[in-house]
Each structure stands twice: as C-alpha cells, then as structure tokens.
Amino acid sequence: MEKRATFSSTTVGLLYAAPVLLLIFVFFYWPAGQALFWAFTLERPWGGGNQFVGFQNFRHLFADAVYWNAVVRSLVFALASTALTMFVSLVLALLVDRELAGSRFYRSVLVWPYAIAAPAVGLAFSFIMAPQAGLMSALNAIWPGIWNPAFSGRDAMIAVILAFSWKYIAYNFIFFLAALQSIPNNLTEAAAMDGAGPLRRMVDMKVPLLMPTFFFLLVINITESFQDSFGIVDIMTGGGPARSTELMVYKLYFDGFRGLDYSGAAAQSIVLMLLVVVLTIVQFRFIERRVHYK
C-alpha cells in the first residue's frame, strides 16, 4: 500500500510553505495589487499622494494612436516569432531524433541558448546584425543600404524577431525532442514496413502525435513573446527607429520609468495582462479542442 507523507501538525506544514508563499506575495500579488491601485488613481511623478480618477487612465490609453500601434506591433511580433521558433525547433528535433551523424553533439549544443539572458542575446545580435561589421555587412557590400536596422523599421523588427526566436528555439527543441522520443518505436517500424519514407512518417505519423506538445509550446511562446521581449528590444533597438519596435512591454517601461507616468504605465500593465489572458483563453477555446491526447 502506498504511504503518503503527512504532518502531525498543521503549523509544521504552514512553516514549510511559508517561504514560498512569502515569495509569491512579495514578487507577484503585492506588485499586481499596486499596479491595480495605480491604474485607477493619478500618481504624481514626484510623490505627494494619489487621486482617484476611475477609468480616466484607460480612456486616455485607448484614445492614444501610438499605443494602438504598439499593440499591433506586439501581435505581429508574437505571431512571427512563435511561428519561426516552433518551425525551426521542430525541424531540428526531427533531425536529431533520426540519429543523424553528430546528433548527440547537436542535442547538447542546441539546449545552451535558452540559458542565456535576454539582454545578453540582444547584445550579441546587435553585433551580428550590425550593417557595418556583422554578418549582414556582406549583403550591404553586394547591395549597399539593403540592410540597416538603425534606419529601417522593417529591418529592426526582423532583427528583434530573429534574436528572440534564437533564444527560444532551444526551449522548444527540448520539448519536441522529448515528445518524439516518447513515440513507440514499433509505430515507426510498422510505418516503414508499409513503405512510408522518412518524410511521410514525419508528416503523417509523428507530427500528429506531437499536437499536445505543439499546443503547450504555442501557449508558452505567445505568452513569453509579450513579456520576455523587453531585454532584447531595450538592448538592440531601444524601441526605434521611430518607434518601429516599441512593443507593449517596452512602451510600458518607457512611459513609466522614463516618462514618469506611473498611472498610465500601470494601466498598460493591466491591459497587457488581460490581453495575454484573452489570447490564452482563445487558444484553449478554439485550438485545444482540436488536439488529441494519447
């Protein structure tokens, strides 16, 4: 019979849970409560108390065309980076799962980028994508001016998407590879005996079995693209040029810590949180129902 660990006293259990509960309260519930309070009040930049203004901060926010541009850019960034990240990581996982030459080496190396902090990734890609001395300088040598993130908003957004995707390819790769290795070998062998080639086995058998993992990673990638992109944007572009890479999370920081509009920034944080929640609900409502679990 299975034995379960129990506490003779409720106090002992609460003492063990207290450090975790304290961390959750200090770093999540307390900041969230402060942001909710500031969103409905007028917080003066240099102190001096708060004035309750109701939904005034939200009305000003939704009437700002610059903010709506940041929302659109954030959605484009989320969709593009998620699609690129999941496609590349799936291809790499399928190749490694086939035990091609050097697959053990690739399996260990492909995990490393996820351990790198976002600002470090942004700094590295700032040099890689530099039009004068980076890898892209070869293109400028052939077609002068074809690549310049400092002046082209399109190039800057592409650079940010590539940097963010490079970091999260490792995270997706781990889950895709684990899911592939959980597929029984007898299914692959039976498909091979029926005459299905490697590509047909990937498309018709392996990819459908990966749908639960695909759905999980879809939710995680879209969520992370809204909140973990700040470090990369701040280091690589600073929201420029001409606000072409000013995503919602970066505008929140810029208005709050540079513009000292604490109340407006708090309202933006609430909207960002609600947007992520709505996107997650939509994914569970319309995509999760199409996923078949083994």
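Basis of the calculations
Residues numbered from 1 in each chain as written. Predicted model: local features only at pLDDT ≥ 70, side-chain atom pairs only at ≥ 80, totals over all residues. Heavy atoms only, no water. Helix = DSSP H or I, 4+ residues; strand = E, 2+ residues; numbered from the N terminus. Buried < 20%, exposed > 50% of the residue type's maximum accessible area, 1.4 Å probe, protein only. 1 Å grid on protein atoms, 1.4 Å probe; cavity = no way out; pocket = protein on both sides within 12 Å on 5 of 7 lines; lining within 4 Å. Points joined across faces, edges and corners; volume = space filled by probe spheres on them. Nonpolar A, V, L, I, M, F, W, Y, C, P; charged D, E, K, R; others polar.

A. A look at unusual backbone geometry. Residue Gly-240 is joined to Pro-241 through a cis peptide bond whose omega torsion reads -5°. Note that Pro-241 resides in the loop between helix H11 (230-236) and helix H12 (248-258). Positive phi values are uncommon outside glycine, yet Ala-242 reaches one of about 55°. Positive phi outside glycine occurs at Arg-243, with the angle close to 65°. Examined against the element boundaries, Arg-243 turns out to sit in the loop between H11 and H12. According to the relative accessible area criterion, Arg-243 is partly exposed, its value standing at 40%.

B. Representation of the layout of surface pockets in the model. Counted as a void, the largest pocket has a volume near 680 Å³. Along its surface, the largest pocket is lined by 22 residues, and Pro-31, Ala-35, Leu-252, Ser-269 and Ile-270 are the ones closest to its centre. Only helix H1 (10-39), helix H10 (211-227), H12 and helix H13 (262-286) provide two or more residues apiece to the lining of the largest pocket. For the lining of the largest pocket, the element with the most residues is H13, which contributes eight residues. Put simply, the second largest pocket is a space of about 190 Å³. Surrounding the second largest pocket, 13 residues form its lining, Phe-87, Leu-90, Leu-94, Met-202 and Val-207 being those nearest its centre. Counting residues per element, the ones that place at least two in the lining of the second largest pocket are helix H3 (65-97), helix H9 (198-209) and H10. Ranked by residues supplied to the lining of the second largest pocket, first place goes to H3 with five residues. Of the residues that constitute the lining of the second largest pocket, the class distribution is 13 nonpolar, no polar and no charged.

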